[in-house]
Amino acid sequence: MQGIKLKIPKFSDLEQPSSARIVVSIDDLLMEILLRVPIRSLLCFKTQNPNFDKKNPPKPPFKNLKFIKDSSGISVLQSCNGLILCSNSPSRLAKTNYYVCNPTTKHYTALSKSVLETENSKIHGLSLAFDPAKSPHYKVICVRDSVSSPQHYQIKIYSSQTGLWRLSGDPFIADVNFSKGVYWNGSNYWISTIGNLTCLYYNLDFERLGVMPMPHFPDDQGTTITYFGESCGHLHITKISFYTIRFDVYEMRRDDSEWFVKYKVDFEHPDHELTYCNFRILSLVRGKREEDAFLVLAVVNDDKVMKYNLINKTFEKFCDYDVEDEQVFTVVQLVLLSILSLCVVFESFAFVFAFLLY
């Protein structure tokens, strides 16, 4: 700690501050202490904070992704535990560039283009896998056409530890949406949203593909998957009929054995006229306490974002938004998923507000 100048705050004679209060009030000393705390412990400390308080939101640490230097503009593809996977918006003559960024620190990495330049095959999706409680390194899973086996897919893995792409496993056939991956419990998951519902997963520790059972949905006609995501270590999925605003939220058991109904949702409310076609589920947020669980909804016709508490069945308005095109709406949705994934809910929505109001 040589060279650090500590400014001791002054307290009035009536105050009798504790030693902990004195330490917390000295920024340089507190920083030195936190730098020596293991990342796992820091994450645990962060999750002990209360759920988001709309009345006292903290100042957002970032408002946009303009720190990524790309003249073609930036599109958000996916997010995972605070990191965001992005691409540029290339013209027909330019190739696609991919980036992994930490929007809080404004650091980013341009992924090696070898995955694009050495193979003449279509990319079907990239997914980010990052668990800071396990490792400071992340991986990117790329699913693309196989060069050796026509009408098959092939997985390539990028590791931030090596900075290289490599092939993983054999070519395979699947019927899922590879552009919407979700990282949970050491694996990346993809699902089909229509037709014969399927859930495919790729375990990153063993580099193995597998199929996970889907929930037993009611045999209603005209239904679709409306949400598939992770929050605070829980994997959720919802499927809504085109003719009702009552539905179930399913959760997967940690051992991948089965789905079970976690919440029953009923959006009928005298003050909020929701129909099956005028809202979108942006995120499902789990907190430390069960009563903190809620859905984040975008109400399209009213241009507002709502919070629906899954336990006491109440609505609360978060903010208004002005979405001019689908791309802006997608950015809002993915940033929600990104920043809420560590359960730091008390800070997260300040970030979301910044994107909604930017």
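One can find the structure itself at the top, above this paragraph.
As the structure is a prediction and not an experimental result, all values here were calculated from the model.

Conventions used here
- Residues numbered from 1 in each chain as written.
- Predicted model: local features only at pLDDT ≥ 70, side-chain atom pairs only at ≥ 80, totals over all residues.
- Heavy atoms only, no water.
- Helix = DSSP H or I, 4+ residues; strand = E, 2+ residues; numbered from the N terminus.
- Buried < 20%, exposed > 50% of the residue type's maximum accessible area, 1.4 Å probe, protein only.
- Contact = heavy atoms within 4.5 Å.
- Areas by Shrake-Rupley, 256 points an atom, 1.4 Å probe, with all protein chains shown as cover.
- Pairing = 2+ DSSP bridges.
- Axes fitted to C-alpha atoms, helices over the stretch in contact; angles between N-to-C directions.
- Core = buried A, V, L, I, M, F, W, Y, C linked by side-chain atoms within 4.5 Å.

## Here's the deal with the overall build of the protein chain
Next up, step 1: Helix and strand counts for the protein chain come out as 6 helices and 20 strands.
Next up, step 2: The buried share of the protein chain, taken over its 358 residues, is 45%.
Next up, step 3: In the protein chain, once contacts between residues fewer than 6 apart in sequence are set aside, the share between residues at least 24 apart is 42%.
Next up, step 4: A total accessible area of about 19,600 Å² is found for the protein chain, and carbon and sulfur atoms account for 51% of it.

## Brief notes about the environment of Phe318
Next up, step 1: Within the secondary structure, Phe318 is located in strand E20 (residues 315–320).
Next up, step 2: Separated by 12 residues in sequence, Phe318 and Met306 place their C-alpha atoms 5.4 Å apart.

## Quick word on the sheet that holds strand E9 (residues 182–184)
Next up, step 1: Ordered in space as E9-E10-E11-E12, the 4 strands form an open sheet in which the pairing is antiparallel. Unpaired on one side and paired on the other, E9 and strand E12 (208–212) mark the two borders of the sheet. This sheet shows a mean twist of 30° between the axes of neighbouring strands, independent of strand direction.

## So, the nonpolar core
Next up, step 1: Counting residues in hydrophobic clusters, the biggest one holds 29 residues, and the most contacted among them are Leu111, Leu126, Tyr138 and Val140.
Next up, step 2: When contributions to this core are tallied by element, the ones reaching two or more residues are strand E2 (83–88), strand E3 (98–102), strand E5 (123–129), strand E6 (139–145), strand E7 (153–159), strand E8 (164–172) and strand E11 (199–203).
Next up, step 3: With sequence-adjacent residues up to four places away left out, Leu126 is seen in contact with Gln78, Leu85, Tyr98, Leu111, Val140, Ile141, Cys142, Trp165 and Phe178.
Next up, step 4: Core analysis: the second largest hydrophobic core is formed by 20 residues, Ile245, Val249, Val299 and Leu310 among them.

## With respect to unusual backbone geometry
A negative phi angle characterises most non-glycine residues, just as the trans form characterises most peptide bonds.
Next up, step 1: Here the phi dihedral of Gln151 falls at roughly 65°; this positive angle occurs in a residue that is not glycine.
Next up, step 2: Relative to the helices and strands, Gln151 resides in the loop between E6 and E7.
Next up, step 3: Even without being a glycine, Lys313 presents a positive backbone phi close to 65°.
Next up, step 4: Looking at where Lys313 falls in the secondary structure, it is placed in the loop between strand E19 (304–309) and E20.

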